[in-house]
There are 2 protein chains.
Amino acid sequence: MVHQQFAALGDPTRLAIVERLARGPASAGDLAAPTTMSLPAVLKHVRVLEDAGLVTTVKRGRVRECRLRDDALVAVATWTAQQQALWSTRLDALGTLLEDM
Amino acid sequence: MVHQQFAALGDPTRLAIVERLARGPASAGDLAAPTTMSLPAVLKHVRVLEDAGLVTTVKRGRVRECRLRDDALVAVATWTAQQQALWSTRLDALGTLLEDM
DNA sequence: ACAACAGTAAACCACATGGTTCACCAACAG
DNA sequence: CTGTTGGTGAACCATGTGGTTTACTGTTGT
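The following refers to the structure shown. From a predicted model like this one, the values you see are computed outputs, not experimental measurements. (Residues numbered from 1 in each chain as written. Chains lettered and ligands numbered in written order. Predicted model: local features only at pLDDT ≥ 70, side-chain atom pairs only at ≥ 80, totals over all residues. Heavy atoms only, no water.)

Brief notes about the environment of Trp79(B)
Relative to the elements of secondary structure, Trp79(B) occurs in helix H5 (residues 74–99). Separated by 77 residues in sequence, Trp79(B) and Val2(B) place their C-alpha atoms 7.9 Å apart. Excluding residues that lie within four positions of it along the chain, Trp79(B) makes contacts with Leu9(A), Leu15(A), Val18(A), Glu19(A), Leu73(A), Val2(B) and Phe6(B). (Helix = DSSP H or I, 4+ residues; strand = E, 2+ residues; numbered from the N terminus. Contact = heavy atoms within 4.5 Å.)

Okay, structure coming up:
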C-alpha cells in the first residue's frame, strides 16, 4: 500500500523528520528540538511514519530511538520509476504514431 | 515543494488517477467512470493534482482533457534517491566504524 | 531516596479534507 | 431551436488531522 507512505511523507514536518533521520538515528527529543512543536505532537508524527513502514523505533531506557528503515523508500522508488516508464513508453507510441503520418 | 506532491499522491483515488493517466490522457468523465464517485468529487482531485504540478488540463469544447505532466515525478524520484543515498552512506560509515573496533 | 528528565496517554479543539447534492452554463447532435 | 451531455460553482456535511495542555509513568543521576 504505497499511498500510505505517500500520505506519511505528505506532511512537511514528517518529511523533515525523515530527512533528519536519513542522516542517522535520533531520539524523540532530538527530533522535537529543532521544531517549535510540543513533544507529544512530534511523537504522533513518528507513530504515523512507523505505521507507514518508513521508520522503526526502540525504547532504550527512557529514551526512544528512531531510525529510518533500510527498505523505507524502495516501494516509493519503484512505483515512481514504474509510472515514469509507462508514461515515457506512451510518448514513444505517440512518436511512432506521428511518424506514420 | 515536494511535500505537496507527496500529499497529492497520498490519497488512493488520486494515486489511481495518476496511474490511469500514466497510460495516456483522459477526460474528466473517463476518470470518473471506473469509480463510484460523483464527477465533482473527481474534478476536485484533478484540481489538487494540478496544483501539485503533477497534471495539466485543457478544455477542448465541453470536455476537459487531463494528462500527466512529463516532469511530473522527477522531483519525487530525485528526493527519494537523495535520501536513500544519504542513508546508505551513513550505513557505510557505520560499517567502517565497526571495522575500526 | 529524590529530583529531574523523556516519553506517553487522554481529552480536547480548530480546521482541512473528501465527499455529497443541486442549480447552472456551454457545447454538440438532431 | 431544442434536448442532452460534460463540466462547474456553491452550499453543505461528516470525519480525519495536526496541534495543544495536563496529568501520569518509568529512568537516571546525585
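Moving on from the coordinates now.
So, the pattern of salt bridges
Residues and elements named next belong to chain A. A complete count under the given rule lists eight salt bridges over all chains for this structure. Glu 65 is the partner of Arg 67 in a salt bridge, and the nearest nitrogen-oxygen pair spans 3.8 Å. You can call Arg 67 partly exposed: its relative accessible area is 28%. Three or more residues joined by partner-sharing salt bridges are found here, namely Arg 60, Glu 65 and Arg 67. (Salt bridge = Lys/Arg side-chain N within 4 Å of Asp/Glu carboxyl O. Buried < 20%, exposed > 50% of the residue type's maximum accessible area, 1.4 Å probe, protein only.)

Quick look at the relation of the copies chain A and chain B
Between the two copies, chain A and chain B, the superposition gives an RMSD of 0.0 Å; the rotation angle is 180° and the shift along the axis is 0.0 Å. Classification of the inter-copy transformation places it as that of a two-fold axis. With an isologous cut-off of 70% or more, the 100% of interface residues of chain A that recur at the interface of chain B puts this contact in the isologous class. (Least-squares fit on C-alpha atoms with pLDDT ≥ 70 in both.)

Points about the sheet that holds strand S2 (residues 55–60) of chain B
Residues and elements named next belong to chain B. With antiparallel pairing, three strands are arranged side by side in an open sheet as S1-S3-S2. Every other strand in the sheet has two partners, leaving strand S1 (26–27) and S2 as the edge strands with one partner each. Bridging between S1 and strand S3 (residues 63–68) involves two bridges; their strand directions are antiparallel. Each residue of the ladder has a partner; that of Ala 26, found in S3, is Cys 66. (Pairing = 2+ DSSP bridges.)

Considerations on the packing of aromatic side chains
Between two aromatic rings, the relevant description is the distance of the centres plus the angle of the planes. Taken as a whole and judged by the stated rule, the model has three aromatic pairs over all chains. With centroids separated by 5.3 Å and ring planes inclined at 75°, the aromatic side chains of Phe6(A) and Trp79(A) adopt a geometry described as edge-to-face. Of this pair, Phe6(A) sits in helix H1 (residues 2–9) while Trp79(A) sits in helix H5 (residues 74–99), and the two are 73 residues apart along the sequence. Accessibility expressed as a relative area gives 0% for Phe6(A), which makes it buried. What links up through ring pairs into an aromatic cluster is the set Phe6(A), Trp79(A), Phe6(B) and Trp79(B). (Phe/Tyr/Trp six-rings, centres within 6.5 Å; stacked < 30°, edge-to-face > 60°.)

Some words on the nonpolar core
By size, the foremost hydrophobic cluster in this structure holds 50 residues, and its most contacted members are Phe6(A), Leu54(A), Phe6(B) and Leu54(B). Sequence-distant contacts of Phe6(A), that is, excluding residues within four places in its chain, are made with Val76(A), Trp79(A), Thr80(A), Phe6(B), Ala7(B), Leu9(B), Gly10(B), Leu15(B) and Val76(B). (Core = buried A, V, L, I, M, F, W, Y, C linked by side-chain atoms within 4.5 Å.)

Observations regarding the protein's contact with DNA strand C
Taken together, 21 residues surround DNA strand C, and among them Leu43(A), Arg64(A), Ser38(B), Lys44(B) and His45(B) come closest. The contact atoms of DNA strand C, taken as those within 4 Å of the protein, divide so that sugar and phosphate hold 72%. Of all the elements in the fold, those that place two or more residues in the surface near DNA strand C are helix H3 (28–32), helix H4 (39–51) and strand S3 (63–68) of chain A together with helix H2 (12–22) and helix H4 (39–51) of chain B. Here the surface near DNA strand C takes four residues from H4(B), the largest share from any one element. When the residues that make up the surface near DNA strand C are grouped by side-chain class, the tally is eight nonpolar, six polar and seven charged. (Near = heavy atom within 4 Å. Nonpolar A, V, L, I, M, F, W, Y, C, P; charged D, E, K, R; others polar.)

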